[in-house]
Amino acid sequence: MATVRSRGRGKVEMAKMSKESNLLVTFSKRRVGLFKMASELTILCGTETAVIAFSPGKKVYSFSHPSVDTIVDRFLTQNPVPIDSTLQPFEDHGRANIHQLNMELTLANKALVSEKKRKALEKMRKESQVLVGRSC
């Protein structure tokens, strides 16, 4: 029986892809990797970082710390912008607090969506009971 050897992580030719579907998938995966690297650079080195990417599907994606506007304004004017004192508590306690707050925000948003769905279902149930009551 012959064994088949995979190429593994071979080199990728640096040329624009011809298939639209492959292009979109590759963009999505590489965008995630790019934003992860930018986040690591920000955390490890304390840099102010902004990455803006326009997808082949004409959508805009961005990662920034502290904000895209602040960093772009700083770049365009070539003037250092003093760090906002409101960020100082986050820097003092490390970036772990930001992660914790993001997790809490995500949970709160999920709870809000659940509550809205529950209320909509309750409203539909009451409306259907009214309609059933009328038909009797």
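As shown above, the structure is provided for reference.
Residues numbered from 1 in each chain as written. Predicted model: local features only at pLDDT ≥ 70, side-chain atom pairs only at ≥ 80, totals over all residues. Heavy atoms only, no water.

## Observations regarding the overall build of the chain
The line we're drawing: Helix numbers and strand numbers start at the N terminus; a helix is a DSSP run of H or I with at least 4 residues, a strand a run of E with at least 2. Relative accessible area decides the class of each residue, using a 1.4 Å probe on protein chains only: under 20% of the type maximum gives buried, over 50% gives exposed, and in between gives partly exposed. We call two residues in contact when some of their heavy atoms are within 4.5 Å. For accessible areas, the Shrake-Rupley method is used with a probe of radius 1.4 Å. Any residue's cover is judged against the shown protein chains and nothing else.
Scanning the chain for helices and strands turns up 4 helices and 2 strands. Along the chain, helices (α) and strands (β) appear in the sequence α-β-β-α-α-α when read from the amino end. Counting the 136 residues in the chain, one finds 10% classified as buried. Sequence separation of 24 or more characterises 30% of the internal contacts of the chain that already satisfy a separation of 6 or more. Surface exposure of the chain reaches about 12000 Å², of which carbon and sulfur atoms provide 60%.

## So, the packing of aromatic side chains
Our working definition: Only centres within 6.5 Å qualify two rings of Phe, Tyr or Trp (six-membered ring in Trp) as a pair; their planes then separate them into stacked at under 30 degrees, edge-to-face at over 60, and tilted for everything else. Two thresholds decide whether a charge sits over a ring: the Lys NZ or Arg CZ must be within 6 Å of the ring centre and within 35 degrees of the ring normal.
Summed over the entire model, instances satisfying the criterion amount to 2 aromatic pairs. Between the NZ or CZ atom of R31 and the centre of the ring of Y61, over which it lies, the distance is 4.0 Å.

## What about a nonpolar patch on the surface?
Using the following cut-off: To count toward a patch, a residue needs a relative accessible area above 30% and no salt bridge. Like charges then connect within 9 Å, nonpolar side chains (Val, Leu, Ile, Met, Phe, Trp, Tyr) within 5 Å. Salt bridge criterion: a side-chain nitrogen from Lys or Arg within 4 Å of a carboxyl oxygen from Asp or Glu.
A cluster of nonpolar side chains, I52, F54, V60, V72, F75 and L76, forms an exposed patch at the surface whose accessible area comes to about 640 Å². For the nonpolar patch, the secondary structure elements donating two or more residues are β1 (49–54) and α2 (68–77). Counting residues per element, the nonpolar patch draws most heavily on α2, which supplies 3 residues. Note that L76 resides in helix α2. What makes L76 exposed here is its relative accessible area of 61%.

## Side note on the layout of surface pockets
How we decide: Think of a 1 Å grid over just the protein atoms. A cavity is a set of points where a 1.4 Å probe fits yet cannot get out, a pocket is an open set with protein on both sides within 12 Å along at least five of seven lines, and lining residues have an atom within 4 Å of a point. Grid points are joined across faces, edges and corners, and a volume is the space filled by probe spheres set on the points. Any residue that is not Ala, Val, Leu, Ile, Met, Phe, Trp, Tyr, Cys, Pro, Asp, Glu, Lys or Arg is counted as polar, Gly included; the first ten are nonpolar and the last four charged.
The calculated volume of the second largest pocket comes to roughly 170 Å³. For the lining of the second largest pocket, the class distribution of residues is 5 nonpolar, 1 polar and 3 charged.

## Some points on the pattern of salt bridges
Evaluation of the coordinates by the stated rule reveals 4 salt bridges. Residues E48 and R74 are paired through a salt bridge, measuring 2.7 Å at the closest nitrogen-oxygen approach. Of the two residues, E48 is situated in the loop between α1 (20–45) and β1 and R74 in helix α2; the sequence distance between them amounts to 26 residues. Measuring nitrogen to oxygen at the nearest pair gives 3.7 Å for the salt bridge that ties E122 to K126. Remark: K126 and E122 occur in helix α4 (residues 96–135); sequence separation between them is 4 residues, near one turn of the helix. On the accessibility criterion, E122 (30% relative accessible area) is partly exposed. Each of E115, R118, E122 and K126 takes part in a single network of salt bridges with overlapping partners.

Note that every value here comes from positions in space, so none of it alone points to a role or purpose.
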